[in-house]
Amino acid sequence: MNRTTLSLIAGATALAAVTGFAALSAPDAPGTDTAAKAAAQLPVERTSLLCPAPSTSDLAETSYTSFTPVTKGTGSGGKAELREAEEESADAPAEGEDKGDGKGKDGGKSGEDKPAKPVLTPKEPGKPVTGDSSGGDAPALVGTADGRFAPGWTVQETTEVAAGTGRGLQGVNCTAPDTDFWFPGASTDADRTDYVHLTNPDDSAAVVDIELYGKDGALKSAVGEGITVPPHSSEPVLLSTLTGERQTNLTVHVNVRSGRVGAAVQALDDKLGGDWLAASTDPSGSLVLPGIPKDATSVRLIALTPGDADADLKVRLASPSGLITPAGHETVHVKGGMTAAVDLGDVTRGEAGSLVLTPTGRSVPVVAALRVVRGKGDKQETAFIPATRPVGTRATSADNSGKGSTLSLTAPGAAATVKVTASAGSEGGTPVSKTYTIKAGTTQDIEPPAPGGLKGTYALTVETVSGGPVYGARTLTASEDGVPAFTVQTLPDDRGTVAVPEADEDLSVLQR
């Protein structure tokens, strides 16, 4: 019988699928046997994405775009679907409070009271599908994709709010569940209303701690500990309920004790509009924050080193002509466990730019984000740019139209060549690809290619062809009563494939 052999093969396949579902495997240490073997890059078989509830405003208009790029090596089966999550109270529960019934502050809604959910049912990879909702009752969404729809699956949530706190354009890439998130750039200032949205995709409850770090270190908060997020539900936690301190610049740390969640911060300002603040990439000694709009009127850097050691960072701007040091902001000192904020003004001075942070001496892990403002006076709008991972093999951006999209690419080290592909349109159009070379140390703003005969919206994929690492961001813009509304999403590697090492043994000896 070959039952033992088949069991081992099935186990290895399942491991590959699960690994692909979570993240790429960490690289092997130099000199190990597995590092010497070439690992096969196989498409992930299953992935999960979580979209936060878009807005509480009755004036909100939200669109969703789902897209999976075509990936070689996938089969013909699979599907991608998004479903509603149960909305929870906007107040954080006290430590140890049991909210396992999954009901919100109103005791739960009947099926008749629930708003119609967007239904996104893609028929094939390579073509986006769209859905929309109106008003302030749109729920968070929990989604899974498998088979040929899993590798690189991307969902963009874009909301227009005509007036009120946070008015303007708000956008976020729906995120994969994880257990650790850092959000530099949040606030409990009097003009700000910031929520951290927690969404649990699993069948068991998740337990989460929310820690806040201000200019003098950690803020005391008992109610931020042991927050329970019931299965298949979402909970927006108002940051000002976690502390009595008013802090202009905060770093939020979401640490999951058990289970896993998706997390994003919605930052709403009474005067400067608002947007979603996505998590910074994992703490690192060097960081890249790509895609500062060339007409930015104000740029603020917010950074934190999670440990006790101080960090000294060299600040440089990757401009179209190369790396430059902003006058008066050559370095920034970040004290251990304390949030540092530096106003860089109109640092881009009318040109494309990305911020590059590197250690001046000993490398200390740091997280960072930018708060970016466009416009002047009462016609200002805000967006956020967190430090991000490189484009890597491939990155994807959904929800682009014929106008209003800018693709920003930077190569902080060596020069690089990338291929940018515009997908078919959601309602028709022919894919188009173009190749670009990004010079070393520069940022290039690109008006992305559009599909031939475009109808509807389309997606962009960016693939590294050769050269050094490339970092990217996509900016969406719109004009609303003279307000330069905009939102920025970074373009990290979509982790559509996973490295599966070769087996070390000849399993045929186990046959009986």
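Shown above is the structure to which this text applies.
Model, not experiment: these values are computed from the prediction.

## A few points about the overall build of the protein
Counting its regular elements, the protein contains two helices and 38 strands. Within the span of the protein, comprising 512 residues, buried residues form 53% of the whole. Relative to all contacts within the protein whose residues are 6 or more apart in sequence, the contacts with residues 24 or more apart total 82%. With an accessible surface of roughly 21600 Å², the protein has 50% of that area assigned to carbon and sulfur atoms.

## Some words on the sheet that holds strand E6 (residues 129-134)
Taken in spatial order, the four strands of this open sheet run E6-E3-E8-E9, and their pairing is antiparallel. Whereas interior strands pair on both sides, the edge strands pair on one side only; in this sheet they are E6 and strand E9 (168-173). The mean angle between the axes of side-by-side strands here comes to 15 degrees, regardless of whether they run parallel or antiparallel. Two strands pair when backbone bridges link them, and strand E3 (residues 60-67) and strand E8 (residues 154-161) are joined in this way by eight bridges, in the antiparallel orientation. Each residue of the ladder has a partner; that of serine 66, found in E8, is valine 155.

## Digging into the state of the cysteines
Enumeration over the complete set of coordinates arrives at one disulfide. Here cysteine 51 pairs with cysteine 174 through a disulfide, and the sulfurs are 2.1 Å apart. Its S-S torsion of about 110 degrees marks the bond between cysteine 51 and cysteine 174 as right-handed, since a negative value means left-handed. Of this pair, cysteine 51 sits in strand E2 (residues 46-51) while cysteine 174 is found in the loop between E9 and strand E10 (180-186), placing the two residues 123 residues apart along the sequence. Given the relative accessible area of 7%, cysteine 174 is considered buried.

## Some details on the nonpolar core
Counting 30 residues, the largest nonpolar core has Leu289, Ile292, Val299, Leu301, Leu355, Leu357 and Leu370 as the members making the most contacts within it. Sort the elements by how many residues they give to this core and strand E21 (residues 311-319) lands first, with four residues. Core analysis: the second largest hydrophobic core is formed by 26 residues, Ala186, Val208, Ile210 and Ala369 among them.

## Examining the sheet that holds strand E35 (residues 458-467)
Taking strand neighbours across the sheet as the criterion, the four strands line up as E28-E35-E30-E32 in an open arrangement whose pairing is antiparallel. Sheet topology places strand E28 (394-400) and strand E32 (432-438) at the edges, where each strand pairs with a single neighbour. Going across the sheet, the axis of each strand differs from the next one's by a mean of 20 degrees, ignoring polarity. When E28 meets E35, the two strands line up antiparallel, connected through five bridges. Within E35, the residue paired with serine 397 across the bridge is leucine 460.

## Observations concerning the pattern of salt bridges
Taken as a whole and assessed by the stated rule, the structure comprises eight salt bridges. Ionic pairing is found between arginine 192 and aspartate 194, a salt bridge with its closest N-O pair at 2.8 Å. Each member of the pair, arginine 192 as well as aspartate 194, is classed as buried. Note that aspartate 209 is salt-bridged to arginine 257, the shortest N-O span being 2.9 Å. One end of the pair, aspartate 209, is in strand E12 (residues 206-214); the other, arginine 257, is in strand E16 (residues 250-258), and 48 residues separate them in sequence. Of the residues examined, aspartate 209 reaches a relative accessible area of 12% and is grouped as buried.

## Quick notes on the environment of valine 237
Residue position: valine 237 is located in strand E15 (residues 233-238). A sequence separation of 42 residues divides valine 237 from tyrosine 195, and the C-alpha atoms of the two residues are 5.2 Å apart.

## As for the side chain of serine 234
With respect to the helices, strands and loops of the structure, serine 234 is situated in strand E15. Engagement of the side chain of serine 234 in a polar contact is seen with the backbone oxygen of leucine 198, the distance being 3.3 Å. Side chain to side chain, serine 234 and threonine 199 meet in a polar contact 3.0 Å long.

## Here we look at the packing of aromatic side chains
One pass over the structure, following the stated rule, counts two aromatic pairs. Ring geometry for phenylalanine 181 versus phenylalanine 183: centroids 6.3 Å apart, planes at 10 degrees, classification stacked. Judged on exposure class, the residue phenylalanine 181 and its partner phenylalanine 183 are both buried. Their ring planes at 40 degrees and their centres at 6.1 Å tell us that tryptophan 182 and tyrosine 213 sit as a pair that is tilted. Separated by 31 residues along the polypeptide, tryptophan 182 in strand E10 and tyrosine 213 in strand E12 bring together distant segments of the chain. Residue classification places tryptophan 182 among the buried positions, given a relative accessible area of 8%. Judged by its relative accessible area of 13%, tyrosine 213 falls in the buried class. Directly above the aromatic system of phenylalanine 486 lies the positively charged group of arginine 374, at a separation of 5.1 Å from the ring centroid.

## Some details on the pairing of E6
In E6, alternate side chains face the same way, and those of Val129, Gly131 and Ser133 are buried while those of Thr130, Asp132 and Ser134 on the opposite face are not. Where E3 and E6 come together, six bridges link them in antiparallel fashion. Of the residues in E6, the one forming a bridge with threonine 65 is threonine 130.

## Looking at the environment of aspartate 209
Expressed as a C-alpha distance, the spacing of aspartate 209 and threonine 228, which sit 19 residues apart in the sequence, is 9.1 Å. What aspartate 209 contacts, discounting residues up to four positions off in sequence, is Gly224, Glu225, Gly226, His253, Val254, Asn255 and Arg257. Here arginine 257 takes part through its side chain, which lies 2.9 Å from a polar atom of the side chain of aspartate 209.

Conventions and cut-offs
- Residues numbered from 1 in each chain as written.
- Predicted model: local features only at pLDDT ≥ 70, side-chain atom pairs only at ≥ 80, totals over all residues.
- Heavy atoms only, no water.
- Helix = DSSP H or I, 4+ residues; strand = E, 2+ residues; numbered from the N terminus.
- Buried < 20%, exposed > 50% of the residue type's maximum accessible area, 1.4 Å probe, protein only.
- Contact = heavy atoms within 4.5 Å.
- Areas by Shrake-Rupley, 256 points an atom, 1.4 Å probe, with all protein chains shown as cover.
- Pairing = 2+ DSSP bridges.
- Axes fitted to C-alpha atoms, helices over the stretch in contact; angles between N-to-C directions.
- Disulfide = S-S within 2.5 Å.
- Core = buried A, V, L, I, M, F, W, Y, C linked by side-chain atoms within 4.5 Å.
- Salt bridge = Lys/Arg side-chain N within 4 Å of Asp/Glu carboxyl O.
- Polar contact = N/O pair within 3.5 Å; in protein donor to acceptor, adjacent residues only side chain to side chain.
- Phe/Tyr/Trp six-rings, centres within 6.5 Å; stacked < 30°, edge-to-face > 60°.
- Lys NZ or Arg CZ within 6 Å of the ring centre and 35° of its normal.

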